[in-house]
Amino acid sequence: MSTSKVFSFTLGTLSAIGGFIDIGDLVADALVGARFGLRLAWVTVLAVIGIMCYAEMSGRIVAVTGRPAFDLARSRLGPRFGLVALVGSFLVTGLLVMAELSGIALSFQLVTDISYLFWVPLAAVLVGIALWALPFEILERLYGVIGLAMLVFVVAVWQLHPDWGQMWHSATTVRPTAGETWPVYAFLGVTLIGAQMTPYEMFFFSSGGVEHRWGPKSMSEMRTNVLVGFPLGGLLAVAIQAVAYLVFAPAGIEVEHLSQTALPVVVALGKVGLAFAVVGIFAATFGATMETLFATGYDIAQYFGWSYGKVQPPAQAARFTAVTASLLILSTALALTTLNPIRVTIVAVVFSAMLLPLGLFPVLLVGNDHSVMGEFRNGRLANTLGTATLALSILVALVAMPLLVWTRGGSG
Amino acid sequence: MTPAHRTMAMRHDVLDRQVVDSEGRPVGRVDDVELDEDGAAVALRVGMAALAPRLGGWVGQLLGGLAHRLAEGEPSPAVPVERVTKWSPLVHLDVPVRELDGVAGLEGWLGTRVVGRLPGGGDARV
């Protein structure tokens, strides 16, 4: 097998670690695990199925048309609706960049014990240099591969010697734990959907396909990426929920600080566990910073029709480069305001959940368009899952804001 | 395509499509289409100045004002339809973008004055 074959799934792994598992997930999964055990794990299963369906669809659109799904979205939604979707996703992804940067800084804090705030500017500089100097494929492989250190969360589940019967009971119980209310349960479910089914994963996955120059022959490579990446992300998410459940729930600890997300691994595996967790968190948040930055750049460039991407010299995608650089600087400034990254993350993923239908709908439209897709248009499976996911996302979008207010961000 | 076919219907159809130049480089979107008295398309307009009136409201005014500033009062650039070689799914032109006067001006300015001057700014990352 050639190296390119071996590494052909790294876009999928990067989508899993950095897309699916980013700071939003680390936070949401740890919060959920500590308060509800595995009682919301079914939401993660739904999110994995939903994002797989739409990632496959947007990947297929790229393979057929050579253009990412959102390239075609403006002609479908029209310039006004398209602009609403653009501004919305810009704000959400901008907040996420700030949270992901704090995540990178957190991995330094875990090693040095110096506050993450000190490390934020350094993290931003590192991101800036890496994005400027390294080609897309190297970045993707680097973070796709070292991000596998996140699997330490799965190992930690075993190492904590759980009562598997009790775990299964928790995973199959669809109601809040004693002392918790239904609105909070529903709110954290919405948070999980927002953290795990993010439109930027699709933007990035499909635009990454453009950078890989996918064609109709790449269909199986693309599907391998979907089949490897997102279930891996889902597995990691459930593992993070499980370790938080096993360590925090008995002690009645609530997750309020970023640094707590690595604590269960330390309890299970000691210093070695911490080392893996730090590397994993670093790779996941670094990968996610790159994904969110690029997704925002792709999004804006595609709306206005600018040249974009990393396959060409930066000077030939100058507006794209300028937009991503400005966003990185703005996010660094935002992170340095000492806003609590956990609160920011939760607000960002809830807004992300509210905007999800706007991200999914054009993909479903284009995927079904016979004149664009020809023989590769959606089959029955893609349409059934796609429509069900869209319906779920509309429901989630409608209840997200009321629940955020009602539960005061999950604290009530 | 004969001029008679370049009607209002086509105008509606090509609006918002991606425009690429002879080298496959993205130029912009069909933000507006210029028609003559018979309703035949004469030129495509690309850029924020052409898009802003279509957005309308204060957003349109804001973007229009910004585009006006950046263009230093120059009229929004137009690409004659004779330059188009293919209309669907993308609009293909038979010239490279650098030969289209005023189109993607900010891109060119940022590319030569800012990003291109940084070390490695003009090199592909392969």
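Right, let's walk through the structure included here. (Residues numbered from 1 in each chain as written. Chains lettered and ligands numbered in written order. Predicted model: local features only at pLDDT ≥ 70, side-chain atom pairs only at ≥ 80, totals over all residues. Heavy atoms only, no water.)

### Observations regarding the sheet that holds strand S3 (residues 32-35) of chain B
Residue and element names in this part refer to chain B.
Thought 1: Spatially, the three strands line up as an open sheet ordered S3-S4-S5, and their pairing is antiparallel. In this open sheet, the two strands that pair with only one neighbour each are S3 and strand S5 (78-80). Taken over all neighbouring pairs, the strand axes of this sheet differ in orientation by 35° on average, direction set aside.
Thought 2: Pairing geometry for strand S4 (residues 41-45) and S5, over three bridges, is antiparallel. Within S5, the residue paired with Ala43 across the bridge is Pro80. (Pairing = 2+ DSSP bridges. Helix = DSSP H or I, 4+ residues; strand = E, 2+ residues; numbered from the N terminus. Axes fitted to C-alpha atoms, helices over the stretch in contact; angles between N-to-C directions.)

### Observations concerning the interface of chain B and chain A
Thought 1: On the side of chain A, 31 residues touch chain B, which itself brings 32 residues to the contact.
Thought 2: For the pair chain B and chain A, the summed buried area comes to about 2600 Å², and 58% of that belongs to carbon and sulfur atoms.
Thought 3: In this structure, Arg74 of chain A and Asp16 of chain B form a salt bridge, with 2.6 Å as the shortest nitrogen-oxygen distance.
Thought 4: Our count for the chain B to chain A interface comes out at seven residue pairs in polar contact (both at pLDDT 80 or more).
Thought 5: Looking at the side of chain B that touches chain A, the elements that each hand over two or more residues are strand S1 (18-20), strand S2 (26-29), helix H2 (48-55) and helix H4 (105-114) of chain B.
Thought 6: The residue makeup of the side of chain B that touches chain A, split by class, is 17 nonpolar, seven polar and eight charged. (Contact = heavy atoms within 4.5 Å. Buried area = accessible area lost by both parts, 1.4 Å probe. Salt bridge = Lys/Arg side-chain N within 4 Å of Asp/Glu carboxyl O. Polar contact = N/O pair within 3.5 Å; in protein donor to acceptor, adjacent residues only side chain to side chain. Nonpolar A, V, L, I, M, F, W, Y, C, P; charged D, E, K, R; others polar.)

### What about empty space enclosed by the protein?
Residue and element names in this part refer to chain A.
Thought 1: Under the counting rule described, the total for this entry stands at two cavities of 30 Å³ or more.
Thought 2: The computed volume of the largest cavity comes to approximately 290 Å³.
Thought 3: Lining the largest cavity are 24 residues, and of these Ala85, Leu86, Ser89, Phe203 and Asp299 lie nearest its centre.
Thought 4: Only helix H5 (69-112), helix H11 (199-211), helix H13 (263-304) and helix H15 (341-368) provide two or more residues apiece to the lining of the largest cavity.
Thought 5: Among the residues forming the lining of the largest cavity, the class breakdown is 14 nonpolar, seven polar and three charged.
Thought 6: Taken as a whole, the second largest cavity holds about 30 Å³ of empty space.
Thought 7: Around the second largest cavity sit Gly50, Ile51, Tyr54, Met197, Thr198, Pro199, Met202, Leu356, Leu360 and Thr389, which together line it.
Thought 8: Breaking the lining of the second largest cavity down by element, the ones donating at least two residues are helix H4 (41-65), H11 and H15.
Thought 9: With three residues, the single largest contributor to the lining of the second largest cavity is H4.
Thought 10: Class assignment for the residues of the lining of the second largest cavity results in seven nonpolar, three polar and no charged. (1 Å grid on protein atoms, 1.4 Å probe; cavity = no way out; pocket = protein on both sides within 12 Å on 5 of 7 lines; lining within 4 Å. Points joined across faces, edges and corners; volume = space filled by probe spheres on them.)

### Description of the sheet that holds strand S6 (residues 84-86) of chain B
Residue and element names in this part refer to chain B.
Thought 1: If you trace the four strands from one edge of the open sheet to the other, you get S2-S1-S7-S6, paired in mixed fashion. Looking along the sheet, the strands with just one partner apiece sit at the ends: S2 and S6. The average undirected angle you get between the axes of adjacent strands in this sheet is 35°.
Thought 2: Bridge count between S6 and strand S7 (residues 91-93): two bridges; the pairing is antiparallel. Within S7, the residue paired with Lys86 across the bridge is His92.

### Brief notes about unusual backbone geometry
Thought 1: One non-glycine residue, Arg408 of chain A, lies in the positive phi region at around 50°.
Thought 2: Using a relative accessible area of 60% as the deciding quantity, one classes Arg408 of chain A as exposed. (Buried < 20%, exposed > 50% of the residue type's maximum accessible area, 1.4 Å probe, protein only.)

### Comments concerning H4 of chain A
All names here are of chain A.
Thought 1: Taking 1.5 Å as the rise per residue, H4 with 25 residues should run 36 Å; its terminal C-alpha atoms sit 36 Å apart, in good agreement.
Thought 2: Burial within H4 is extensive, with 19 of its 25 residues counted as buried.
Thought 3: Downstream of H4 by a residue or two, Gly66 has a phi angle that is positive, lying close to 75°. (Expected span 1.5 Å × (residues − 1).)

### Some details on the nonpolar core
Thought 1: Membership of the largest hydrophobic core comes to 142 residues, with the highest contact counts inside it found for Tyr54 and Met150 of chain A.
Thought 2: Broken down by element, the residue count for this core peaks at 19 residues, all from H13 of chain A.
Thought 3: In contact with Met150 of chain A, other than residues within four places in its own chain, are Ile17, Ile21, Leu26, Leu236, Ile240, Gly280 and Ile281 of chain A.
Thought 4: Counting 20 residues, the second-largest nonpolar core is a separate cluster that includes Val14, Val27, Val81 and Val97 of chain B. (Core = buried A, V, L, I, M, F, W, Y, C linked by side-chain atoms within 4.5 Å.)

### Structural notes on the packing of helix H6 (residues 116-133) of chain A against H13 of chain A
Residue and element names in this part refer to chain A.
Thought 1: With their axes 11 Å apart at the nearest point, H6 and H13 run at an angle of 65° to one another. Between H6 and H13, the interaxial angle falls into the category roughly perpendicular. When you trace H6 past H13, the crossing you get is right-handed. Between H6 and H13, the contacting residues are Leu126, Val127, Ala130 and Leu131 on the first element and Phe286, Thr289, Met290, Leu293 and Phe294 on the second. (Parallel < 35°, antiparallel > 145°, perpendicular 65-115°, else oblique. Left-handed = near helix turned anticlockwise from the far one by under 90°.)

### Quick word on the packing of helix H8 (residues 152-159) of chain A against H13 of chain A
Residues and elements named next belong to chain A.
Thought 1: Running from N to C, H8 and H13 cross one another at 160°; their axes reach a closest spacing of 10 Å. As the angle between them shows, H8 and H13 are arranged roughly antiparallel. Where H8 crosses over H13, the handedness of that crossing is right-handed. Contacts from Val152, Phe153, Val155, Ala156 and Gln159 of H8 reach H13 at Val265, Ala268, Leu269, Gly273, Phe276 and Ala277.
Thought 2: Taken together, the residues of the contact of H8 with H13 break down into nine nonpolar, two polar and no charged.

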